[in-house]
Amino acid sequence: MSSAPTRCPGCGFEHPAGTGVYEGYYHASPECWNVFLQVMTREYEDAVLFGQVHQLSVDAYAVQHAGGPHPDKSVCIHLVGLYWTLERGVAPPDVPRRLQALAANVERWPHLELPAQRAALTVAHVADADTPSEHARNVRAWSSEVWASWKEHHAAVAQLAQRTFEAVSSGA
Ligand SMILES: [Zn+2]
């Protein structure tokens, strides 16, 4: 007996219903999360690929799984990650320290409503890649779509990014 396909609540990726359990706070199905872990494993095993796109993959996945129990802080931080890489051309390996600085500088995180239309590409597009160069290309296409789908919040994210290097004590 085969069961009907189910959808990831975050990205909409359709997959056969499984029996796994996902206990993290991303708005994700266990099956989608497993695909993400496969993509992570490939990136951890290839130093070049890791440097090229790992941060983009992490940020795109997090942002595409906003909603549900996913905290505003995490959604905002990963949106700022996409902003630095895709809008400002910061190299992905330089993004994490910026995000750490941002996290230290912000106490209250805005709640950004989910985009009305989600990106068509998902992490499954990356998992389908046959070579590292295709993997990198697919991450760029996927993360660009995810970022574009949040366009109504781009200005708010840019404003948040500006707080990255402010002193903690400079608050209101
Ligand atoms: Zn998903």
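K.L.:
It is not clear to me how the packing of helix 2 (residues 47-64) against helix 3 (residues 72-87) should be interpreted in this structure. Could you clarify?
P.N.:
How two helices pack is summed up by the angle between their axes together with the distance between the axes. Put simply, helix 2 and helix 3 touch, their axes get as near as 8 Å, and they point 135 degrees apart. Between helix 2 and helix 3, the crossing angle belongs to the class labelled oblique. The two elements helix 2 and helix 3 cross, and the hand of that crossing is left-handed. Contacts between helix 2 and helix 3 pair Leu56, Val58, Asp59, Ala60, Ala62 and Val63 from the former with Val75, His78, Leu79, Gly81, Leu82, Thr85 and Leu86 from the latter.

K.L.:
Explain the coordination of the zinc ion to me, please; I cannot follow it from the model alone.
P.N.:
Between any two of four tetrahedral donors, the ideal angle at the metal is 109.5 degrees; between two of six octahedral donors, it is 90 or 180 degrees. Donor atoms from the polypeptide that coordinate the zinc ion comprise Cys8 (SG), Cys11 (SG), Cys32 (SG) and His65 (NE2), at 2.0 to 2.3 Å from the metal. Considering all four donor atoms around the zinc ion, the spread of angles at the metal, 104 to 116 degrees, places the coordination shape in the tetrahedral class. For the zinc ion, the single-chain donor residues occur in sequence as C-x2-C-x20-C-x32-H. Pair noted here: Cys32 is in helix 1 (residues 30-44) and His65 is in the loop between helix 2 and helix 3, with a separation of 33 residues, a long-range link. The class of His65 is buried, set by a relative accessible area of 0%.

K.L.:
Explain the environment of Ala101 here, please?
P.N.:
Within the fold, Ala101 resides in helix 4 (residues 95-105). Look at Ala101 and you get partly exposed, because its relative accessible area is 25%. Residues Ala101 and Thr164 lie 63 residues apart in sequence; the distance between their C-alpha atoms is 5.6 Å.

K.L.:
Is there a simple way to explain the packing of aromatic side chains in this structure?
P.N.:
The geometry of an aromatic ring pair comes down to the distance between the two centres and the angle between the two planes. Going through the model one piece at a time under the given rule, you end up with 11 aromatic pairs. With centroids separated by 4.8 Å and ring planes inclined at 40 degrees, the aromatic side chains of Tyr22 and Trp33 adopt a geometry described as tilted. Taken together, the positions of Tyr22 in the loop between strand 2 (14-16) and helix 1 and Trp33 in helix 1 put the pair 11 residues apart, joining distant regions of the chain. Here Tyr26 and Trp33 contribute two aromatic rings whose centre-to-centre distance is 5.8 Å and whose plane-to-plane angle is 80 degrees, an arrangement assigned as edge-to-face. Given the relative accessible area of 12%, Tyr26 is considered buried.

Calculation rules
Residues numbered from 1 in each chain as written. Predicted model: local features only at pLDDT ≥ 70, side-chain atom pairs only at ≥ 80, totals over all residues. Heavy atoms only, no water. Axes fitted to C-alpha atoms, helices over the stretch in contact; angles between N-to-C directions. Helix = DSSP H or I, 4+ residues; strand = E, 2+ residues; numbered from the N terminus. Parallel < 35°, antiparallel > 145°, perpendicular 65-115°, else oblique. Left-handed = near helix turned anticlockwise from the far one by under 90°. Contact = heavy atoms within 4.5 Å. Donors = N, O, S within 2.8 Å, 3.2 Å for Na, K, Ca; no water. Tetrahedral: all angles 85-135°; square planar, octahedral: opposite > 155°, others 65-115°. Buried < 20%, exposed > 50% of the residue type's maximum accessible area, 1.4 Å probe, protein only. Phe/Tyr/Trp six-rings, centres within 6.5 Å; stacked < 30°, edge-to-face > 60°.

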